[in-house]
6 protein chains.
Amino acid sequence: MKIAIYPGTFDPVTNGHLDILDRAVKLFDKVIISVARNSTKNPIFTEDERIALLKAAAKKYKNVRVESFTGLLVEYARSKKATAIVRGLRVISDFEYEFQMALANRRLHEDVETVFLMPNEKYTYLSSSIVREVARLNGNVRDFVPPIVRRALKKKLRAGGSSTNA
Amino acid sequence: MKIAIYPGTFDPVTNGHLDILDRAVKLFDKVIISVARNSTKNPIFTEDERIALLKAAAKKYKNVRVESFTGLLVEYARSKKATAIVRGLRVISDFEYEFQMALANRRLHEDVETVFLMPNEKYTYLSSSIVREVARLNGNVRDFVPPIVRRALKKKLRAGGSSTNA
Amino acid sequence: MKIAIYPGTFDPVTNGHLDILDRAVKLFDKVIISVARNSTKNPIFTEDERIALLKAAAKKYKNVRVESFTGLLVEYARSKKATAIVRGLRVISDFEYEFQMALANRRLHEDVETVFLMPNEKYTYLSSSIVREVARLNGNVRDFVPPIVRRALKKKLRAGGSSTNA
Amino acid sequence: MKIAIYPGTFDPVTNGHLDILDRAVKLFDKVIISVARNSTKNPIFTEDERIALLKAAAKKYKNVRVESFTGLLVEYARSKKATAIVRGLRVISDFEYEFQMALANRRLHEDVETVFLMPNEKYTYLSSSIVREVARLNGNVRDFVPPIVRRALKKKLRAGGSSTNA
Amino acid sequence: MKIAIYPGTFDPVTNGHLDILDRAVKLFDKVIISVARNSTKNPIFTEDERIALLKAAAKKYKNVRVESFTGLLVEYARSKKATAIVRGLRVISDFEYEFQMALANRRLHEDVETVFLMPNEKYTYLSSSIVREVARLNGNVRDFVPPIVRRALKKKLRAGGSSTNA
Amino acid sequence: MKIAIYPGTFDPVTNGHLDILDRAVKLFDKVIISVARNSTKNPIFTEDERIALLKAAAKKYKNVRVESFTGLLVEYARSKKATAIVRGLRVISDFEYEFQMALANRRLHEDVETVFLMPNEKYTYLSSSIVREVARLNGNVRDFVPPIVRRALKKKLRAGGSSTNA
């Protein structure tokens, strides 16, 4: 059985993440989508909230599990007997950072392969930080995240703010 | 009448920004150069100071207005009946970030077009952060900003500092 | 006599830095490897510790000196009568930032040339921040830094932490 | 009156080109879409055919004219009293080549500005050469070009071929 | 059973290609490495020779098949009931071209996923065209290709040439 | 004595090449600028003409020699006892190709270092191919090449042509 880990911060999960997940579940027998604990300083959503949103968003997949992890990604992947780590590679993205992490991970444990998938080009611009920024400015995130995340963002950000997205 | 918004942080305005402005005023009937409020954590200049410096630096243009804005850029642009958002695209620049913001803005409101202009290649290296860094290290910013900004930087940074630009 | 400055934060020095140093000593009569003071907010190692580690790591070279500097890099280089500033250019790296700094430095003083060297491709992924991250997660940094740095990292990070590298 | 030139080879015109045209006509009072004569060695369509296809594809715009030109683009633009040259800037594209040509053109005549517009992200992958390749392999170009171009391609390539698109 | 196609020109197969193949065979139940027919104008090796070299180089894998194909890659992949198309993504590579082809292929048939794998960083510089160039200049290709390809190159190029690799 | 090779096609030498040469002569005791023989299919200038133009353009430097070479660049560099190969790295340039060749050369002979220098940013757009293109379209190449090259181009291209630079 081929198992893949799809790691990330998912603060919050976007339609772009779900597009990658949808591709990964066709390639692997089981996909573990896993929230990296403590990886960001001031997340909007707590770890538990992010896991809950991921579970809700991915509930239609039988071969997907949602978890969280701490420590080195490759060691976590190994402990799960994963064959692969899945990463989305947007045309606009931190491409070089992805490669740097993939190479460093490989140097640490050669036996877990990083597999890059491309989301639909309509998600080219989409990232969790864009979603957070638009939500903070009271913009409509309908095209960016599933409805459950949109409602959760609204609740969180009710207080509102007054920055800009220039 | 074709109106364009030229948004930014302008902390402070540089010769590179003014080069772009000079090109935009030939393309549009009116250009609104607009300071994004609350967009940076610890600006050197207050919003009012940045607006004052921009007004001084752009005073030779009859069809330029200086403003500030808050909230979503596209909604601000719409409220001004702008046809276009102008962005400088340096050969060295956060190119992908510019594209990401342009695409996200377009997704939010399809009717405002982002127009990219190239500054003179002699401003390839120039950004507000380079200016702040050189000024903090007591370097000469004469080639980087108009005289009025140079004097304002001197006044602000009189206390000096002792970091490096390696 | 051709003197080159190899400036950096070196928090900590990596095998990639030493690979560049090894190339630079063949090109120049003297290389001054110099720690940029106050250039990072929260370094792992103090300036004195970084200098000591560099001295230990570079002690086999007769024509290498370890120093620190503050203020504008080009003015420091000039004060040392340096012909060149050496920078490593990894395939994966902040390539554009390197160019921006090189151009800004040149604009400040035209007479110091920035020379870019390529480290061995096996260091493509390597940076001080990757080293710090892997060390913090209790990963093995044996392939990344010289033994003396590895021991120093261990001592520093004994307390450990619990973030991730996703 | 602000006139813009939209130059290209247009062998053949694609939906991506038409997307850029659609944006340009909102920004300028008049757009001259102009076929660069003799710019490719072995075009699929003759210059006259390309002009005819462009005229058919752009006939809904009152302020668009289709022409061809030879010689230096900037001199042609000047002879048309154009304020701007319009270029599409796809996320995936010969970005650096576009900049190089824009800078070289500007050096030749400072008074014509190059304006970069972004097509819809769904045309990220699209270029005339992809269209020609897919058409030659008997693939369906329905999503790539307007119907009239599709019919013209079919007629041209009836003989068929046997290469690949790996 | 998950089947993947690894398409290419393979003129000739390099150690970089074999590194990717080695990773692909761990991810998929069966890998079909397939020579794109007629995809280059003047190949060094005929299609049959390239297939023979691939077969020799990949003979240690039980789940690898060597074939050739013509026409649209996605239609070939479909006819083989492939789940995925495998492509190597070198840090130095025609990255954007790879993405463009992947997106165009996806637009033609949504059901075949392109999967990008990274070869070992020591193959960063390696491509079939580098191999051909070095071989033509009588350089030693020992580090670049398997022994059987090296011998085949020697035989082919015995006549030699006199160009350069500047 | 530190010797550097500055190799290229130089069809023809541009002001950008001369800018790099000017930097290299300050870094090395001797610079050999060397024309790669047979490296282009249809050069405008013959090898002898290119050497003659380089000699005229570089005659003010006492420590510069003009030569030509054939075969592997690293073997030529070795035969000249060169410490370094000098390459210009424009912000806009075939950056990845430069890296690929540098890495492949290094793999062939580890003892010759490739050193990258940046030309003045005003040559960002400049390449021999731009010069040839502008000259063919009867544009003024005064800002691009030294006077002697401009005269040589005029003589060569008297017949003229009628392509475009779109």
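Structural data are supplied above this passage.
Model, not experiment: these values are computed from the prediction.

### Considerations on the sheet that holds strand β3 (residues 64–69) of chain E
As a general point, the strands of a sheet are linked pairwise by backbone hydrogen bonds and lie either parallel or antiparallel.
At step 1: Read across the open sheet, the 10 strands follow the order β3(A)-β2(A)-β1(A)-β4(A)-β5(A)-β5(E)-β4(E)-β1(E)-β2(E)-β3(E); overall the sheet is mixed. The strands lining the two open edges of the sheet, one partner per strand, are β3 (64–69) of chain A together with β3 of chain E. Along the sheet, successive strands turn relative to each other by an average axial angle of 30°, direction set aside.
At step 2: Here five bridges tie strand β4 (residues 84–88) of chain A to strand β5 (residues 113–117) of chain A, and the two strands are oriented parallel to one another. Directly across from A84(A), in β5(A), lies its bridge partner E113(A).

### Description of the interface of chain B and chain C
At step 1: Between chain B and chain C, the contact holds 21 residues from the first and 21 residues from the second.
At step 2: Summing both partners gives a buried area of about 1700 Å² for chain B against chain C, and 60% of it is carried by carbon and sulfur.
At step 3: At the surface where chain B touches chain C, the tally comes to two residue pairs in polar contact (both at pLDDT 80 or more).
At step 4: Partitioning the side of chain B that touches chain C into residue classes produces nine nonpolar, nine polar and three charged.

### Some details on the sheet that holds strand β4 (residues 84–88) of chain F
At step 1: Across the sheet, 10 strands lie side by side as β3(C)-β2(C)-β1(C)-β4(C)-β5(C)-β5(F)-β4(F)-β1(F)-β2(F)-β3(F); this open sheet has mixed pairing. The open sheet has two edge strands, β3 (64–69) of chain C together with β3 (64–69) of chain F, and neither has a second partner. When strand polarity is set aside, the average angle formed by the axes of neighbouring strands in this sheet is 30°.
At step 2: In this structure, strand β2 (residues 30–36) of chain F lies alongside β3(F), joined through six bridges in parallel fashion. Looking across to β3(F), one finds that S34(F) is bridged to E67(F).

### Here's the deal with the interface of chain E and chain A
At step 1: On the side of chain A, 27 residues touch chain E, which itself brings 27 residues to the contact.
At step 2: Contact between chain E and chain A buries roughly 2400 Å² in total, counting both sides, with carbon and sulfur atoms accounting for 60%.
At step 3: As a salt-bridge pair, E110(A) and R23(E) come within 3.5 Å of each other at their nearest N and O atoms.
At step 4: Connecting chain E to chain A are 11 residue pairs in polar contact (both at pLDDT 80 or more).
At step 5: Of all the secondary-structure elements, those providing two or more residues to the side of chain E that touches chain A are α1 (15–27), α4 (95–108) and β5 (113–117) of chain E.
At step 6: In terms of residue count, the dominant contributor to the side of chain E that touches chain A is α4(E) (six residues).

Each value, and the rule that gives it
Residues numbered from 1 in each chain as written. Chains lettered and ligands numbered in written order. Predicted model: local features only at pLDDT ≥ 70, side-chain atom pairs only at ≥ 80, totals over all residues. Heavy atoms only, no water. Pairing = 2+ DSSP bridges. Helix = DSSP H or I, 4+ residues; strand = E, 2+ residues; numbered from the N terminus. Axes fitted to C-alpha atoms, helices over the stretch in contact; angles between N-to-C directions. Contact = heavy atoms within 4.5 Å. Buried area = accessible area lost by both parts, 1.4 Å probe. Polar contact = N/O pair within 3.5 Å; in protein donor to acceptor, adjacent residues only side chain to side chain. Nonpolar A, V, L, I, M, F, W, Y, C, P; charged D, E, K, R; others polar. Salt bridge = Lys/Arg side-chain N within 4 Å of Asp/Glu carboxyl O.

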